[in-house]
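Residue-level structural notes
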Amino acid sequence: MPELLPLAFSTDKMVTESVETMNQVITAKLKLKLTADQKSVVRDTTLAYRDALNYTSVIAFDNGKSSKGAKLQKLVYNNLRSDFKLGAQMACNVPRQVAATFKALMTKVKQNSEVIKKGYTKKRFKGLDKAPRYSSRTATLNY
């Protein structure tokens, strides 16, 4: 039985994390109790993060649909810090997230071409015809 540890978040619910020997991703949906000023800062940060994702997506698309996070980071890091006012960790997360999106889309394109060759469909996957667009307010945080 894994040991349960409380996480340090200010929420109306207690969230626990399972600690095991294997790697495990744990997602927690939290309701934050924020003041009006804090809400404004979080809103601005999530909008800046989303805009940074869209900017990086266009750069990746224009540079051969790159799915390499390190390559993208070299191209966009300074702009993410200065233009979007993102912190260092967020400026590192953005290119990795965009690279993962491109990698997933490339996998879908490859699978689609195999299905077309087998004659199961004639419809071509159009996910990489233009740069992916992020519409939701979001932010990825690392523990």
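Residues numbered from 1 in each chain as written. Predicted model: local features only at pLDDT ≥ 70, side-chain atom pairs only at ≥ 80, totals over all residues. Heavy atoms only, no water.

When helices and strands are tallied, the chain shows three helices and two strands. Each helix and strand of the chain, ordered N terminal to C terminal, gives the series β-β-α-α-α. In the chain, buried positions account for 24% of the 143 residues. Across the chain, the fraction of contacts at a sequence separation of at least 24, relative to all contacts at a separation of at least 6, is 53%. For the chain, the exposed surface amounts to about 10700 Å²; the carbon and sulfur share of it is 54%. (Helix = DSSP H or I, 4+ residues; strand = E, 2+ residues; numbered from the N terminus. Buried < 20%, exposed > 50% of the residue type's maximum accessible area, 1.4 Å probe, protein only. Contact = heavy atoms within 4.5 Å. Areas by Shrake-Rupley, 256 points an atom, 1.4 Å probe, with all protein chains shown as cover.)

Ranked by internal contacts, the top residues of the largest apolar core, which has 19 residues, are Tyr 49, Ala 52, Leu 53, Leu 80, Leu 86, Val 94 and Val 98. Taken together, the elements giving at least two residues each to this core come down to helix H1 (36–62), helix H2 (69–82) and helix H3 (88–118). If you tally residues by element for this core, the top one is H3, at seven residues. (Core = buried A, V, L, I, M, F, W, Y, C linked by side-chain atoms within 4.5 Å.)

Here we come to the confidence of the model for the chain. For the chain, the average pLDDT comes to 81, and 84% of its residues sit at 70 or higher. Looking across the chain, the model is least confident in strand S1 (residues 3–6), with a mean pLDDT of 45, and most confident in H1, with 93. (pLDDT = per-residue confidence, 0-100.)

The next subject is the pattern of salt bridges. Going through the model one piece at a time under the given rule, you end up with two salt bridges. Across the pair Asp 44 and Arg 43 runs a salt bridge, and its minimum N-O distance is 4.0 Å. Given the relative accessible area of 44%, Asp 44 is considered partly exposed. Residue Arg 43 is classed as partly exposed on the basis of its relative accessible area, which comes to 44%. Note that Arg 50 and Asp 51 form a salt bridge whose closest N and O atoms lie 3.4 Å from each other. Its relative accessible area of 33% is what places Asp 51 among the partly exposed residues. (Salt bridge = Lys/Arg side-chain N within 4 Å of Asp/Glu carboxyl O.)

Attention shifts here to the side chain of Ser 57. Note on placement: Ser 57 falls in helix H1. Take Ser 57: its relative accessible area is 0%, and that puts it in the buried class. A polar contact of 2.7 Å, which involves the side chain of Ser 57, links it to the backbone oxygen of Pro 132. If we skip the residues at most four places from it in the chain, Ser 57 touches Val 98, Phe 102, Ala 131, Pro 132 and Tyr 134. (Polar contact = N/O pair within 3.5 Å; in protein donor to acceptor, adjacent residues only side chain to side chain.)

On to the packing of aromatic side chains. With the rule as written, the count across this model stands at one aromatic pair. On the numbers, 5.5 Å between centres and 50 degrees between planes, the contact of Tyr 55 with Phe 84 is tilted. Of the two residues, Tyr 55 is situated in helix H1 and Phe 84 in the loop between H2 and H3; the sequence distance between them amounts to 29 residues. The class of Tyr 55 is partly exposed, set by a relative accessible area of 25%. For Phe 84, a relative accessible area of 18% corresponds to the buried category. (Phe/Tyr/Trp six-rings, centres within 6.5 Å; stacked < 30°, edge-to-face > 60°.)

Okay, H3 next. Under the 1.5 Å per step criterion, the end-to-end length of H3 is 46 Å for 31 residues, consistent within 8% with the ideal 45 Å. Along H3, the positions that sit buried rather than exposed are Met 90, Ala 91, Cys 92, Asn 93, Val 94, Pro 95, Val 98, Ala 99, Phe 102, Leu 105 and Asn 112. Looking at the buried positions of H3, the neighbouring elements they touch are H1 and H2. Gly 119 lies just past H3 and shows a positive phi near 85 degrees. (Expected span 1.5 Å × (residues − 1).)

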